[in-house]
Amino acid sequence: MRGRRVGVFGGTFDPPHIGHLVAAQRALETLDLDEVLMVVAHDPWQKSGDRHITPAATRLELVSAAVAGVADLTASSVEIDRGGPTYTVDTLETLRAADPDVELFLILGADAAARIPTWHRAGDLAALCTVVVVDRPGAAADGVIDAPMLHVEVPLLEVSSTDLRARAAAGRSIRFLVPDAVAELVDSHGLYRAGPGSRVSADDQH
Ligand code: ATP
Ligand code: MG
């Protein structure tokens, strides 16, 4: 029996949006995966100096809501459970240790794939997984690792969490760019609001 084929799609997901979901679904189908794990970064160390990042538990809640009832897409807390800075190699090793027969596919948008050379222990990735790059507007990622990379074509969706946070901060709607359940949680938690209206205090940061 072949091992389970599992996609690992990591992100800050602050918030998760249709670009993430379409990419995960396409990878699932194109590569005939059994499951795609949407792995919520605990502490995205390459981002954490730059801006306020929504607490990991809240981002996990958003991703869980985004995939609720969606077959074969799963919110994963593996990086949050481990704590500390988020290194993808550690995550792959954890998943491999839990199921030695698993075949892992690391799914990345082209912008994220282009940054692989800056990652912790980047040279160990190829032995742990197959790297899969999905299209993202304005980014290309050729030859960033010393191993074959798969490419999955996805419809180009010009949406980013950065834009969504800016829209929410400006009081504009994010409807249709995120699942309804995500929009409702962003609203009820008061996420991304500019100024004193924000209910996420500095104390919640990790
Ligand atoms: P931010 O603007 O805060 O960086 P983001 O929209 O880039 O947010 P991330 O959580 O940084 O989202 O990305 C997680 C993964 O999803 C990365 O591999 C990224 O390349 C990919 N991704 C994000 N948006 C898209 C999109 N519109 N199309 C394809 N891949 C995407
Ligand atoms: Mg990003």
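These lines cover the structure that appears in this document, whether it is placed above or below. (Residues numbered from 1 in each chain as written. Chains lettered and ligands numbered in written order. Predicted model: local features only at pLDDT ≥ 70, side-chain atom pairs only at ≥ 80, totals over all residues. Heavy atoms only, no water.)

## Observations concerning helix α1 (residues 18-30)
The first and last C-alpha atoms of α1 sit 18 Å apart over 13 residues, in line with the 18 Å expected at 1.5 Å per residue. The complete set of buried residues in α1 reads Gly19, His20, Leu21, Ala23, Ala24, Ala27 and Leu28. (Helix = DSSP H or I, 4+ residues; strand = E, 2+ residues; numbered from the N terminus. Expected span 1.5 Å × (residues − 1). Buried < 20%, exposed > 50% of the residue type's maximum accessible area, 1.4 Å probe, protein only.)

## Thoughts on the packing of aromatic side chains
Under the criterion given, the structure shown has one aromatic pair. Judged by centre distance (6.0 Å) and plane angle (75°), the ring pair of phenylalanine 9 and phenylalanine 13 falls under edge-to-face. There is no split in this pair, since phenylalanine 9 and phenylalanine 13 are both buried. (Phe/Tyr/Trp six-rings, centres within 6.5 Å; stacked < 30°, edge-to-face > 60°.)

## Considering the nonpolar core
Among the nonpolar cores identified, the biggest contains 35 residues, and Phe9, Val36, Met38 and Ile107 are the most heavily contacted of them. Elements with a contribution of two residues or more to this core: α1, β2 (35-40), α2 (56-67), β4 (103-109), β5 (130-134), α7 (161-169) and α8 (180-189). Not counting residues within four places of it along the chain, the set of residues in contact with isoleucine 107 comprises Gly7, Val8, Phe9, Gly10, Ala27, Leu33, Val36, Val132 and Val134. Leu104, Leu106, Leu108 and Cys129 belong to the second largest nonpolar core, which has 24 residues in total. (Core = buried A, V, L, I, M, F, W, Y, C linked by side-chain atoms within 4.5 Å. Contact = heavy atoms within 4.5 Å.)

## A closer look at the site of ligand 1
Residues in contact with ligand 1 amount to 22 residues; listed here are only the nearest, Lys47, Asp111, Arg136, Ser161 and Thr162. Here a nitrogen atom of ligand 1 sits 3.1 Å away from a polar atom, N or O, in the main chain of valine 159. Contact between ligand 1 and serine 161: an oxygen atom at 2.8 Å from a main-chain N or O atom of the residue. Elements with a minimum of two residues in the shell around ligand 1: β1 (5-11), α1, β4, α5 (110-113) and α7. Of the residues that constitute the shell around ligand 1, the class distribution is six nonpolar, 10 polar and six charged. (Near = heavy atom within 4 Å. Polar contact = N/O pair within 3.5 Å; in protein donor to acceptor, adjacent residues only side chain to side chain. Nonpolar A, V, L, I, M, F, W, Y, C, P; charged D, E, K, R; others polar.)

## Overview of the pairing of β4
Among the seven residues of β4, six are classified as buried, and the element is accordingly described as predominantly covered. Of the pairings in the sheet, the one linking β1 to β4 comprises five bridges and is parallel in character. Looking at the pairing, valine 8 lines up with leucine 106 of β4. Two elements, β4 and β5, share five bridges in a ladder whose sense is parallel. Along β5, the bridge assignment pairs leucine 106 with valine 131. (Pairing = 2+ DSSP bridges.)

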